[in-house]
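Report on the structure
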Amino acid sequence: ALAAARAASSKLAEDIVILEVSPLLAITDYFVICSGHNERQVQSIVEEVERQLLPLGVKPYRQEGEHQHRWVLVDYLDFVLHVFHAEEREYYELERLWRDAGRIDFDDAREVAGDSA
């Protein structure tokens, strides 16, 4: 999850948040949520995350939303990447829906790089 956040950051993704959902959800441990300003940037973020994770042996299990690039969900099993167009992120408010999850702001996550995230 941390490597995905770093990869998204390298493509200037905004408002990167890691939510620890494992206590609330049995199918994954973390949500990595970020935003792009337009469809092209959303696509670029998704592609960069995949490009940087493949050498680490981390491959996506499933992907949705890649045709419209407004909200792309990439399931990596241990974590799920959500890349939103800024307007969609504001509308769906995923962080509000999962407000009971532990929240790791990405700036804080850089300091705890040894964490299991």
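Heads up: these notes are all about the structure in this document. (Residues numbered from 1 in each chain as written. Predicted model: local features only at pLDDT ≥ 70, side-chain atom pairs only at ≥ 80, totals over all residues. Heavy atoms only, no water.)

This paragraph deals with the overall build of the chain. Across its full length, the chain holds 5 helices and 6 strands. Starting at the N terminus and ending at the C terminus, the chain contains elements arranged as α-β-β-α-β-β-β-α-α-β-α. Per-residue burial over the chain gives 42% buried out of 117 residues. Sequence-distant contacts in the chain: of pairs separated by 6 or more residues, those separated by 24 or more amount to 57%. Surface accessibility of the chain: about 6,800 Å² in total, with carbon and sulfur atoms responsible for 46%. (Helix = DSSP H or I, 4+ residues; strand = E, 2+ residues; numbered from the N terminus. Buried < 20%, exposed > 50% of the residue type's maximum accessible area, 1.4 Å probe, protein only. Contact = heavy atoms within 4.5 Å. Areas by Shrake-Rupley, 256 points an atom, 1.4 Å probe, with all protein chains shown as cover.)

Time to look at helix α1 (residues 2-10). Buried within α1 are the following residues: Leu 2, Ala 4, Ala 5, Ala 7 and Ala 8. Positive phi appears at Leu 12, one or two residues downstream of α1, with a value of about 65 degrees.

Okay, the pattern of salt bridges next. When the charged atoms of two side chains lie near each other, side chains of opposite charge can form a pair. Per the stated rule, a full pass over the model turns up 7 salt bridges. Between Glu 87 and Arg 70 there is a salt bridge, with its nearest N and O atoms 2.9 Å apart. Of the two residues, Glu 87 is situated in helix α3 (residues 86-92) and Arg 70 in the loop between β3 (62-64) and β4 (71-75); the sequence distance between them amounts to 17 residues. Of the charged contacts in the structure, one is a salt bridge between Glu 93 and Arg 96, with a shortest N-O distance of 3.5 Å. (Salt bridge = Lys/Arg side-chain N within 4 Å of Asp/Glu carboxyl O.)

Glancing now at the nonpolar core. Soluble globular proteins tend to bury their nonpolar side chains together. Counting 25 residues, the largest nonpolar core has Ile 18, Val 49, Phe 79 and Leu 81 as the members making the most contacts within it. Mapped by element, the contributors of at least two residues to this core are α1, β1 (14-20), β2 (30-36), α2 (39-53), β4 and β5 (79-85). Not counting residues within four places of it along the chain, the set of residues in contact with Leu 81 comprises Val 32, Val 49, Val 72, Leu 73, Val 74 and Tyr 76. (Core = buried A, V, L, I, M, F, W, Y, C linked by side-chain atoms within 4.5 Å.)

Attention now moves to the pairing of β5. Within β5, 7 of the 7 residues are buried, which leaves it mostly tucked inside the rest of the structure. What you see with β5 is no split at all: Phe 79, Leu 81, Val 83 and His 85 on one side and Val 80, His 82 and Phe 84 on the other are buried throughout. The pairing of β2 with β5 spans 7 bridges and is classified as parallel. Directly across from Val 32, in β5, lies its bridge partner Leu 81. (Pairing = 2+ DSSP bridges.)

With that out of the way, let us pick up the packing of aromatic side chains. Considering all chains together, one arrives at 5 aromatic pairs under this definition. Here the aromatic rings of Phe 31 and Trp 98 are separated by 5.4 Å at their centres, their planes lie at 85 degrees, and the arrangement is edge-to-face. One end of the pair, Phe 31, is in strand β2; the other, Trp 98, is in the loop between α4 (94-97) and β6 (102-105), with 67 residues separating them in the sequence. Residue classification places Trp 98 among the partly exposed positions, given a relative accessible area of 22%. An aromatic cluster is built from Trp 71, Phe 84, Tyr 91 and Tyr 92, whose rings are joined through pairwise contacts. (Phe/Tyr/Trp six-rings, centres within 6.5 Å; stacked < 30°, edge-to-face > 60°.)

Positive phi, normally seen in glycine, also occurs at Leu 12, with a value near 65 degrees. As for its placement among the helices and strands, Leu 12 is situated in the loop between α1 and β1. Its relative accessible area of 64% is what places Leu 12 among the exposed residues. Notably, His 69 is not glycine yet its phi reads approximately 55 degrees, a positive angle. Take His 69: its relative accessible area is 14%, and that puts it in the buried class.

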